[in-house]
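Descriptive analysis of the structure
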Amino acid sequence: MTYPEVLEQARSCMGPYCKSCPTCNGLACRNTMPGPGAKGIGTGFIRNYQKWQELCVNMDTICENKPVDTSFTLFGQKLDLPVCAAPVGAMQLHYGDKYDDLAYNDILVAACAEAGIAAFTGDGTNPAVVEAAAEALKKQNGRGVPTIKPWNLATIREKLALVKAAKPFAIAMDIDAAGLPFLKNLQPPAGSKTVAELREIAEMAEGIPFILKGIMTVRGAEKALEAGASGIVVSNHGGRVLDQCPSTAEVLPAIADAVGGKLTILVDGAVRSGMDVFKALALGADAVLIGRPFVNMVYGGGAEGVKVYVDKLKAELADTMAMCGAHSLAEIRRDMIYGY
């Protein structure tokens, strides 16, 4: 299958919220909740996409002619490129009845491992979601990152025990999910966490690298470091949590300048192409998360769809690197992009 063919097939079974658009930019699905669009008017997701497009790359082919290496090591895991599938949940509510969370994670984790990258798995109110994610990760020898929402500490402890048994190479918490309505209705309440609480959670991971997803400020990154996190994901939750946020591309450079080298930095938010990956790395990210396109690939082509998209990203990244004079990820510099 080709990438357009997978998208076309996805349109036959996705919906009603996601339209499997040729350009996934948040315009067609804006202001659709529940669903993938946004809470409010959807400016967060739309701005994320627009800012990546406003950045240009500086072509420079006066350099040594040698192969490009797109490989990356994330917490001991060798990946073919600096990309992971982002955690996604409530599949049937948001994307259609073809897959529930359990089936989606099972396909995604295995397909990403086979394609040479890794998947972050999502979380939900149904305990079976994390249980199944742990089983999917165990089948792939821990090649993936389970993501747990900021529940109360007792629930977090229970879910951590489940996922640690799968021996994942890292564990994440999407702290930006604190704005989701269904978390606020829990007793005891779930949601935002203090640095002390996050430090306790990081300690519960017992040596497994702990990643905090949802960092949008330098101070937030510094607090993640204080809490004992090994990595962060610069993310505004696709704009679904808070409208009128800056894009992740806008805040990434300052965060990278502040904590780069101290924390592994990933960035999420409307990264769509290998060229976007290049731009993210030039701004200071170590790797990226991509969410919505992987959903479309699984719905439209299963494991084959995932491989089609990963191959597309790798070819685009390699081509951009070669045309800008970078032969390894370490050679990608901020002066290789224009418009920052």
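Look above for the structure.
Residues numbered from 1 in each chain as written. Predicted model: local features only at pLDDT ≥ 70, side-chain atom pairs only at ≥ 80, totals over all residues. Heavy atoms only, no water.

**Some points on the packing of helix H4 (residues 101–115) against helix H5 (residues 127–139)**
How we decide: Each axis is a line fitted through C-alpha atoms, and for a helix only the stretch in contact is used; angles between axes span 0 to 180 degrees, taken between their N-to-C directions. Counting from the N terminus, the helices are the DSSP runs of H or I reaching at least four residues and the strands are the DSSP runs of E reaching at least two. Each angle gets one of four labels, with under 35 degrees taken as roughly parallel, over 145 as roughly antiparallel, 65 to 115 as roughly perpendicular, and the rest as oblique. Left-handed describes a crossing whose near helix is turned anticlockwise from the far helix by less than a right angle; the clockwise case is right-handed. Two residues qualify as a contact provided that any one of their heavy atoms is within 4.5 Å of a heavy atom in the partner residue. Each residue is assigned to one of three groups, with Ala, Val, Leu, Ile, Met, Phe, Trp, Tyr, Cys and Pro labelled nonpolar, Asp, Glu, Lys and Arg labelled charged, and all others, Gly among them, labelled polar.
Closest axis-to-axis distance for the H4/H5 pair is 9 Å, and the angle between their directions is 20 degrees. One finds that H4 runs roughly parallel with respect to H5. With respect to the hand of their crossing, H4 and H5 are arranged in right-handed fashion. Two secondary-structure elements touch here, H4 through Asp101, Leu102, Asn105, Asp106 and Val109 and H5 through Ala128, Val129, Ala132, Ala133, Ala136, Leu137 and Lys139. Considering only residue class, the contact of H4 with H5 consists of eight nonpolar, one polar and three charged.

**Considerations on the environment of Leu281**
Tracing the sequence through the fold places Leu281 in helix H11 (residues 274–282). With 48 residues separating them along the chain, Leu281 and Leu329 place their C-alpha atoms 7.8 Å apart. Contact partners of Leu281, with chain neighbours within four places excluded, come to Pro82, Asp286, Ala287, Val288, Leu329 and Ile332.

**Points about the pairing of strand S11 (residues 287–290)**
Convention followed: A simple rule labels every residue: compare its accessible area, found with a 1.4 Å probe on the protein chains alone, to the largest value its type can have, and call it buried under 20%, exposed over 50%, or partly exposed in between. In this analysis, strands are considered paired if DSSP registers two or more bridges between them. Crossover handedness is defined here as right-handed if the route from the first strand over the helix to the second strand goes clockwise, with the strands pointing away from the viewer.
What you see with S11 is no split at all: Ala287 and Leu289 on one side and Val288 and Ile290 on the other are buried throughout. Bridging between strand S4 (residues 83–85) and S11 involves three bridges; their strand directions are parallel. The partner of Val83 across the bridge, within S11, is Val288. Of the pairings in the sheet, the one linking strand S10 (residues 264–267) to S11 comprises two bridges and is parallel in character. Residue pairing for S11: Leu266 is matched across the bridge by Ala287. Since S10 and S11 lie parallel, the crossover through H11 that links them has a hand, and here it is right-handed.

**Details of the environment of Leu153**
Within the fold, Leu153 resides in helix H6 (residues 153–164). Taking the C-alpha atoms as reference points, Leu153 and Gly122, separated by 31 residues in sequence, lie 18 Å from one another. Setting aside chain neighbours within four positions, we find Leu153 in contact with Glu197, Glu200, Ile201 and Met204.

**Description of the sheet that holds strand S6 (residues 145–148)**
Strand order in this closed barrel of eight strands is S4-S5-S6-S7-S8-S9-S10-S11, and the pairing throughout is parallel. Strand-to-strand twist across the sheet, computed as the mean angle between neighbouring axes with direction ignored, equals 30 degrees. For S6 and strand S7 (residues 171–174), the ladder comprises two bridges, and the chain directions are parallel. Looking across to S7, one finds that Ile148 is bridged to Met173.

**Details of the layout of surface pockets**
Note the threshold: Note on definitions: the grid is 1 Å and covers protein atoms alone; a cavity is a set of points where a 1.4 Å probe fits but cannot get out; a pocket is an open set with protein on both sides within 12 Å along at least five of seven lines; lining residues have an atom within 4 Å of a point. Grid points are joined across faces, edges and corners, and a volume is the space filled by probe spheres set on the points.
In this structure, the second largest pocket spans a volume of roughly 530 Å³. For the lining of the second largest pocket, the secondary-structure elements that each account for two or more residues are helix H8 (195–204), strand S8 (210–215) and helix H9 (218–226). Among the residues making up the lining of the second largest pocket, the classes are represented as eleven nonpolar, nine polar and three charged.

**Examining the nonpolar core**
The following threshold applies: The criterion is simple. A nonpolar core is a set of buried Ala, Val, Leu, Ile, Met, Phe, Trp, Tyr and Cys residues joined through side-chain atoms within 4.5 Å.
Trp52 and Phe294 are the most contacted members of the largest nonpolar core, which has 113 residues in total. Setting aside chain neighbours within four positions, we find Phe294 in contact with Val83, Ala85, Tyr104, Leu108, Cys112, Ile117, Val306, Tyr309 and Val310.

**With respect to helix H12 (residues 292–324)**
Filter applied, for reference: Here a helix's expected span is defined as the number of its residues, less one, multiplied by 1.5 Å. One axis fitted to the seven residues ending at a residue, another fitted to the seven starting there: the angle between these axes is the bend at that residue.
Between its terminal C-alpha atoms H12 stretches only 28 Å, short of the 48 Å expected from 33 residues at 1.5 Å a residue. Its maximal kink placed at Gly301, H12 deviates by approximately 135 degrees. Once H12 finishes, Gly325 follows within two positions and takes phi at roughly 80 degrees, a positive value.

**Description of the packing of aromatic side chains**
The following threshold applies: Each aromatic pair joins two rings of Phe, Tyr and Trp (for Trp, the six-membered one) with centres within 6.5 Å, and gets the label stacked for planes under 30 degrees apart, edge-to-face for over 60, and tilted for any other angle.
Under the counting rule described, the total for this entry stands at three aromatic pairs. Where Tyr3 meets Tyr309, the ring centres are 5.8 Å apart and the plane angle is 20 degrees; that geometry is what we call stacked. Of this pair, Tyr3 sits in helix H1 (residues 3–11) while Tyr309 sits in helix H12, and the two are 306 residues apart along the sequence. Geometrically, the ring pair formed by Phe294 and Tyr309 is edge-to-face, given 5.1 Å between the ring centres and 80 degrees between the ring planes. In this structure Phe294 comes out as buried when scored by relative accessible area, which is 0%.

**Thoughts on H11**
Burial within H11 is extensive, with eight of its nine residues counted as buried. Taken as a whole, H11 has its buried residues at Gly274, Asp276, Val277, Phe278, Lys279, Ala280, Leu281 and Ala282. Looking one or two residues beyond H11, the residue adopting positive phi is Gly284, at roughly 125 degrees.

**Points about the pairing of strand S9 (residues 231–234)**
Because side chains alternate across S9, one face comprises the buried residues Gly231 and Val233, and the other comprises Ile232 and Val234, equally buried. Pairing of S8 with S9, which is carried by four bridges, proceeds in the parallel orientation. Residue pairing across strands places Ile215 opposite Val234, the latter belonging to S9.

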